[in-house]
Amino acid sequence: MEAKVGFIGFGSMGSVLLRSLLRYGALVQEEVILCTRSRDKLSGFASSNPGMELVRSNVELAEKSRTIFICVRIEDVKGIIEEMKPQLSQDKHIVIISAGLSMENVSKIFDGQLTRVIPSLVCGTKNCVTLIHHNDKVTEDESARVEMWFSKIGNFKILDEDQFEVGANLTSCAPAFMAAMMKYFIAEAVKHSSFTPEEAEEMVRKTMLGTATLITKRKLSFDTIVQRVATEGGITEAGVKVLDEKLPEVFSELFLATEHRHKAVSDDMGELWSA
Ligand SMILES: NC(=O)c1ccc[n+]([C@@H]2O[C@H](COP(=O)([O-])OP(=O)(O)OC[C@H]3O[C@@H](n4cnc5c(N)ncnc54)[C@H](OP(=O)(O)O)[C@@H]3O)[C@@H](O)[C@H]2O)c1
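Numbering of residues starts from 1 in every chain and runs along the sequence as written. Thresholds applied to this predicted model are a pLDDT of at least 70 for local features of residues and 80 or more for the giving and counting of side-chain atom pairs; totals over whole chains, interfaces and linings are not thresholded and use all residues. In computing side-chain values, all of the structure's heavy atoms are included and hydrogens and water are not.

Chemist: Whenever I open this one, unusual backbone geometry confuses me. Can you help?
Modeler: Note: most peptide bonds trans; most residues except glycine with negative phi. Even without a glycine there, the phi angle at Lys 126 is positive, about 75°. Its place among the elements puts Lys 126 in the loop between β6 (113-118) and β7 (129-134). A run of DSSP states H or I qualifies as a helix once it reaches four residues; a run of E qualifies as a strand once it reaches two. Both are numbered from the N-terminal end.

See below:
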C-alpha cells in the first residue's frame, strides 16, 4: 500500500490547511497527493510544489493514500465517500473537516478509521486551535500521525464530539466573529472622525495584534486588560460600561443562532446520509 496523504478539495479551507502543513514541515510535498475539481484555481501552487502528485480522480487518490482529508463543502462529502468506497479498505483513514457532519452520519456508509477535525483559517499563522475527535477504529499510529501534523501548525485539542459545536464557535468561527465586530467598531469610528476606513482599520488591526501579543506573552487575562486600560471614572470605562450592558445579550443571541443553524444542518445531513 502507498502511504500518501491525500487532499480532496483546494478551496478556502483546504488550501490554507495544505499550505500550512507544508510550510511548517508537517508534510513534505512528495508525500502529498491532491485532487480538486477546478484545477485552474490551483494557480502557482502546483508548479511551486512539483514533488506533489496531482490527480484527476478521487478514486486514484484513495488508492494511493493512507490518510484522506476531505476538504469539500458538507453537502459534497457523501458523494465523494461513495465514489471512493471500493478503495476504502480498513487501513484507510478518512479525515473530515466539515463542521456539522457527525461521525454517526458518516458511519452509515463508511465504518472504518474516521477522524473529525475542525481547523481554522488562522492555522496559516501557527496561532490556532484545531479540534480533533477520532473514532475508536483509528489506530494509535494514525491518531499520532494526524495529531503530530496539527501540532506543527499550532495547537490542537482532542474533544468529545458533543463539544465540537461550541468549540467551533471559539476557534473556527471566531475569526469571522472577531472581524465582524471590528467592522462595526471601525465604521463608527469613521462616522465620528475624519479617518478613512483604511486608516481606522490599520489602527485597529495593529492594536488587536498588540493586545493579543501582550495577553499571550505576559499571560494576562482579558479581565486584567480591561482593568488596566479602563481606569475608574475615565473615558475607556464609559465605553466598557456600554459593552458590559449590551454584549451579553448579543453573544447569547449569537450562540442561540449558531445552535439553531447547527441543528438545521444536522437534520439536513441526517436525511441526506440516510437516503
Ligand atoms: N472556511 C473555513 O474557515 C472553514 C473552517 C472549518 C471547516 N471548514 C469546512 O471546510 C469544508 C470546505 O469549506 P471551504 O470554505 O474550503 O469550501 P470551498 O472554498 O467551496 O472549497 C471546496 C473545494 O472542494 C472542491 N470540490 C468540490 N467537489 C469536489 C469533488 N467532487 N472532487 C474534488 N474537489 C471537489 C471545490 O472545487 P471548486 O473550486 O471547483 O469549487 C473547492 O476547491 C466545509 O465542509 C467547511 O465546513 C471551513
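Having put the structure on the table, let's press on.
Chemist: Is there a simple way to think about the site of the ligand in this case?
Modeler: Summary of the distance rule: residues count as near a molecule or strand when at least one heavy atom falls within 4 Å of that molecule or strand. Around the ligand, the structure places 23 residues, and the nearest of them are Ser 12, Met 13, Ser 38, Arg 73 and Ser 98. Interatomic distance of 3.2 Å between a backbone N/O atom of Phe 10 and an oxygen atom of the ligand. Polar contacts, as counted here, are pairs of nitrogen or oxygen atoms within 3.5 Å of one another; within protein the pair requires one atom able to donate a hydrogen and one able to accept it, and residues that are adjacent in sequence qualify only if both atoms are side-chain atoms. One of the side-chain N or O atoms of Asn 58 is found 3.3 Å from a nitrogen atom in the ligand. At a threshold of 2 Å from the grid points, most atoms of the ligand map onto the second largest pocket. Those elements giving two or more residues to the shell around the ligand turn out to be α1 (12-23) and α4 (74-84). Ranked by the residues each element gives to the shell around the ligand, the list is headed by α1, at 3 residues. In this count, Pro and Cys sit with the nonpolar residues alongside Ala, Val, Leu, Ile, Met, Phe, Trp and Tyr, while Asp, Glu, Lys and Arg are called charged and the others, Gly among them, polar. Residue composition of the shell around the ligand, grouped by class: 11 nonpolar, 9 polar and 3 charged. In this analysis the probe radius is 1.4 Å and the grid spacing 1 Å, with only protein atoms considered; a cavity is a set of points the probe fits into but cannot get out of, a pocket is an open set with protein on both sides within 12 Å along at least five of seven lines, and lining residues have an atom within 4 Å of a point. To decide whether a molecule occupies a pocket or cavity, check its atoms: if more than half lie within 2 Å of the grid points, it is inside.

Chemist: Could you clarify how one ought to interpret the layout of surface pockets in this entry?
Modeler: Empty space among the atoms becomes apparent when a probe as large as a water molecule is rolled across them. Grid points are joined across faces, edges and corners, and a volume is the space filled by probe spheres set on the points. Quantified by volume, the second largest pocket comes out at close to 1,300 Å³. Met 13, Val 72, Arg 73, Ile 74 and Ser 98 are, among the 39 residues lining the second largest pocket, the residues nearest its centre. For the lining of the second largest pocket, the secondary-structure elements that each account for two or more residues are α1, α4, β6, α7 (164-170) and α11 (235-274). Top contributing element to the lining of the second largest pocket by residue count: α11, with 6 residues. Of the residues contributing to the lining of the second largest pocket, the split by class is 18 nonpolar, 13 polar and 8 charged. The split into domains, and so the bounds of each, comes from an automatic or database assignment of domains. Counting the residues that make up the lining of the second largest pocket, at least three belong to each of domain 1 (4-160) and domain 2 (174-270).

Chemist: Explanation requested: the nonpolar core in the structure shown.
Modeler: Most often, soluble globular proteins keep nonpolar side chains buried together rather than apart. Judged by nonpolar contacts, the single largest core of 27 residues is most densely connected at Phe 7, Leu 17, Leu 18 and Phe 69. Contributions of two or more residues to this core are made by β1 (4-8), α1, β2 (32-35) and α6 (140-152). Looking at which element gives the most residues to this core, the answer is α1, with 5 residues. Contact definition: two residues touch when any of their heavy atoms are within 4.5 Å. Among all residues touching Phe 7, those that are not within four sequence positions of it are Leu 18, Leu 21, Leu 27, Val 32, Ile 33, Leu 34, Cys 35, Leu 61, Phe 69 and Cys 71. By size, the runner-up hydrophobic cluster in this structure holds 26 residues, among which are Cys 35, Val 55, Ile 70 and Ile 80. Nonpolar cores are built from buried Ala, Val, Leu, Ile, Met, Phe, Trp, Tyr and Cys residues. Side-chain atoms within 4.5 Å join them into one set. Think of it in three bands: with a 1.4 Å probe and only protein chains considered, a residue is buried below 20% of the maximum accessible area for its type, exposed above 50%, and partly exposed in between.

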